[in-house]
Amino acid sequence: MVTPRCVRKCSPCFRRRTPLPGSLGMLRAAGGSVRLLLSGGAAGGWGVPARGLGPVAAPPAHSRLPTQRCLQRRLLQQAPPPAAPPAVGRWLLVCSGAVAGAVVLGGVTRLTESGLSMVDWHLVKEMKPPRTQQEWEAEFQKYQKFPEFKILNHDMTLTEFKFIWYMEYSHRMWGRVVGLAYILPATYFWRKGWLSRPMKGCVLALCGLVCFQGLLGWYMVKSGLEEKPDSYDIPRVSQYRLAAHLGSALVLYSASLWTGLSLLLPRHKLPETHQLLRLRQYAHGTTALIFLTALSGAFVAGLDAGLVYNSFPKMGERWIPDDLLAFSPVLRNIFENPTTVQFDHRILGITSVTAVTALYLFSRKIPLPRRTRMAVTSLLVVAYMQVGLGISTLLLYVPTPLAATHQSGSLALLSMALWLMSELRRVPK
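Residues numbered from 1 in each chain as written. Predicted model: local features only at pLDDT ≥ 70, side-chain atom pairs only at ≥ 80, totals over all residues. Heavy atoms only, no water.

## Describing the overall build of the protein chain
Then step 1. Tallying secondary structure elements over the protein chain gives 14 helices and two strands in all.
Then step 2. The buried share among the 429 residues of the protein chain stands at 40%.
Then step 3. Sequence separation of at least 24 residues holds for 73% of the intrachain contacts in the protein chain that already meet a minimum separation of 6. (Helix = DSSP H or I, 4+ residues; strand = E, 2+ residues; numbered from the N terminus. Buried < 20%, exposed > 50% of the residue type's maximum accessible area, 1.4 Å probe, protein only. Contact = heavy atoms within 4.5 Å.)

Spelled out as structure tokens, the structure:
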């Protein structure tokens, strides 16, 4: 039934120009010129009375006009997901900083050879350190039963043991703080409804990786506590497990930093030129190369490979040392031969700084926003600082403060690369 023209002119709903509270908008009938204003209240819609004409008949059942509920569902499906509040992005940046602190503290623990001082692992029980003299002596006696004391530290005093014990204790407690920094705010944001469905999956993955990181750390420590009757080498953790422990920490750090920057920094509306696409690809490749170089440092630390050849640019008197492929089969040299491990780390470091330099020079040919230009320049500066720290650490026979600064520099370099990638993000269509 078609509404008469006089009804459309006289009816208050049709005469009204502003939408009623809760209205969803104006619809057009599929086959006619009838216009209705659907409202969330009781007024409006079908059956609107016209002045002096009585109630208007309801539409037939076979009418194809969508109902209000159907329209609401359709609009909700088409609406973009709500953006996460800035507090979520700031929280993830704080978490990435906490992970960076754990990585730096773990590096210092490794450099001071303190990682095997705590021979037990308890999630809650070990949070309370020894207090009395009897408790410290009992802890020291447990340490004396393991290979590191028998082979390397057989003349260690209780005071010296307290130092390395507190180093490992600080690293473990910091790890628990990192876990709480992820899990507690994530629970709060989840209950507040501030996380979209994709963000919920990301947060669950980050929290799961934190828990996995703690288990992997103890799995790594166990490798240094095992008795090896056929080995006369200094007791140390497996370089494979150390690389896995550091690699998972770098993944956790990178994912947290990337997500936080994505939530806080708006995308630049850059023209999608061929040069910009190439710059974006170079930035991704350079970041992957920096990540691989940092990961190779775990093998250098695990094998004490920094003490094999302390000269640069040559290794001893040669560019390529004689014992580069001393192990058999050849593949073992990449991960188990200290000479090869140091050689590979050098090559990766030189390649990384070369790639960063080429990236900077190429970016000068492209008009970029000021913030993006700052990211490129910062990446170049940090890359050369990191190379200088690495060479100095090598020539000075790996002093602990300088080596720890070099390890921290790898995180700073990775951060600059991730910042640049965030600046070059593609604007969604």
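## A short note on the packing of helix α10 (residues 274-302) against helix α12 (residues 338-363)
Then step 1. Relative orientation of the contacting elements α10 and α12 amounts to 160°, with a least axis distance of 9 Å. In terms of orientation, α10 lies roughly antiparallel with respect to α12. Classified by chirality, the crossing of α12 by α10 is left-handed. (Axes fitted to C-alpha atoms, helices over the stretch in contact; angles between N-to-C directions. Parallel < 35°, antiparallel > 145°, perpendicular 65-115°, else oblique. Left-handed = near helix turned anticlockwise from the far one by under 90°.)

## Quick notes on α10
Then step 1. In this model, α10 (29 residues) spans 43 Å end to end at C-alpha, consistent with the 42 Å of a helix rising 1.5 Å per residue.
Then step 2. Backbone geometry just after α10 places D304 at a positive phi near 50°. (Expected span 1.5 Å × (residues − 1).)

## Some remarks on the packing of aromatic side chains
Then step 1. Tallied over the entire structure, the rule returns 19 aromatic pairs.
Then step 2. Ring plane angle 65° and centroid distance 5.4 Å describe the contact between W91 and F189, whose orientation is recorded as edge-to-face. With W91 in helix α4 (residues 86-111) and F189 in helix α7 (residues 158-192), the pair connects residues that are 98 residues apart, well separated along the chain. Each of the two residues, W91 as well as F189, counts as buried.
Then step 3. Taking 6.0 Å as the distance between ring centres and 70° as the angle between the ring planes, the aromatic pair formed by Y143 and F149 counts as edge-to-face.
Then step 4. For Y143, a relative accessible area of 0% corresponds to the buried category.
Then step 5. Classification of F149 as buried rests on a relative accessible area of 12%.
Then step 6. Ring pairs connect the aromatic residues W136, F140, Y143, F149, F161, W165, Y166 and Y169, which therefore count as one cluster.
Then step 7. One Lys or Arg, R241, reaches over the ring of Y219 and ends 3.7 Å from the middle of that ring. (Phe/Tyr/Trp six-rings, centres within 6.5 Å; stacked < 30°, edge-to-face > 60°. Lys NZ or Arg CZ within 6 Å of the ring centre and 35° of its normal.)

## Brief notes about the nonpolar core
Then step 1. If you look at the biggest cluster of nonpolar residues, it comprises 54 residues, and the most contacted ones within it are W91, Y182, L379 and L420.
Then step 2. Beyond its immediate stretch of four places on either side in the chain, W91 contacts A181, Y182, P185, A186, F189 and V203.
Then step 3. Within the second largest apolar cluster, 15 residues are counted, among which are L116, M220, V237 and A305. (Core = buried A, V, L, I, M, F, W, Y, C linked by side-chain atoms within 4.5 Å.)

## Describing unusual backbone geometry
Then step 1. A cis amide bond links F312 to the next residue, P313, at an omega of 5°.
Then step 2. Secondary-structure assignment places P313 in the loop between α10 and α11 (332-336).
Then step 3. The omega torsion of the bond from S328 to P329 falls at 0°, within 30 degrees of zero and hence cis.
Then step 4. In this fold, P329 is placed in the loop between α10 and α11.
Then step 5. Positive phi values are uncommon outside glycine, yet E113 reaches one of about 55°.
Then step 6. With respect to the helices and strands, the residue E113 is situated in the loop between α4 and α5 (133-143).

## Comments concerning the environment of L225
Then step 1. Looking at the secondary structure, you find L225 in helix α8 (residues 197-225).
Then step 2. Considering only alpha carbons, one finds L225 and K145, 80 residues apart in sequence, at a separation of 9.5 Å.
Then step 3. Setting aside anything within four residues of it in sequence, one finds L225 in contact with L116, V119, F146, P147 and W218.

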